[in-house]
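Residue-level listing of the chains:
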Amino acid sequence: MREIITLACTECKDRNYSTMKNKRNNAEKIELKKFCKKCRGHKVHKETK
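Described in the following lines is the structure provided in the data block.

Thresholds applied
- Residues numbered from 1 in each chain as written.
- Predicted model: local features only at pLDDT ≥ 70, side-chain atom pairs only at ≥ 80, totals over all residues.
- Heavy atoms only, no water.
- Helix = DSSP H or I, 4+ residues; strand = E, 2+ residues; numbered from the N terminus.
- Buried < 20%, exposed > 50% of the residue type's maximum accessible area, 1.4 Å probe, protein only.
- Contact = heavy atoms within 4.5 Å.
- Pairing = 2+ DSSP bridges.
- Salt bridge = Lys/Arg side-chain N within 4 Å of Asp/Glu carboxyl O.

1. Notes on the environment of Ile30
- Its location among the elements puts Ile30 in the loop between strand E2 (15-22) and strand E3 (31-36).
- According to the relative accessible area criterion, Ile30 is buried, its value standing at 19%.
- Along the backbone, Ile30 and Lys46 are 16 residues apart, and their C-alpha atoms lie at a distance of 5.9 Å.
- For Ile30, the residues in contact, after removing those within four places along its chain, are Ile5, Lys21, His45, Lys46 and Glu47.

Next comes the structure, spelled out in structure tokens:
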């Protein structure tokens, strides 16, 4: 049930992180605050394909 997803920065659109999520428990797209190396700060990262 777990799938590998990629997280992209909402400001610079850089794909920085990959993680896993359970599709059964979390059907909607994940948003997390992570550190973006390109923006040099903590920004919101959204799930992408």
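And the narrative resumes.
2. Observations regarding the pairing of E3
- In this structure, E3 lies alongside strand E4 (residues 41-48), joined through six bridges in antiparallel fashion. Bridging from a neighbouring strand, Cys36 pairs with Gly41 of E4.
- Once E3 ends, the chain turns through four residues before running back antiparallel as E4, passing Arg40 with a positive phi of about 60°.

3. Comments concerning the pattern of salt bridges
- For the coordinates displayed, the defined rule picks out four salt bridges.
- Between Glu11 and Lys43 there is a salt bridge, with the nearest N and O atoms lying 3.8 Å from each other. One end of the pair, Glu11, is in the loop between strand E1 (2-9) and E2; the other, Lys43, is in strand E4, with 32 residues separating them in the sequence.
- Classification of Lys43 as partly exposed rests on a relative accessible area of 22%.

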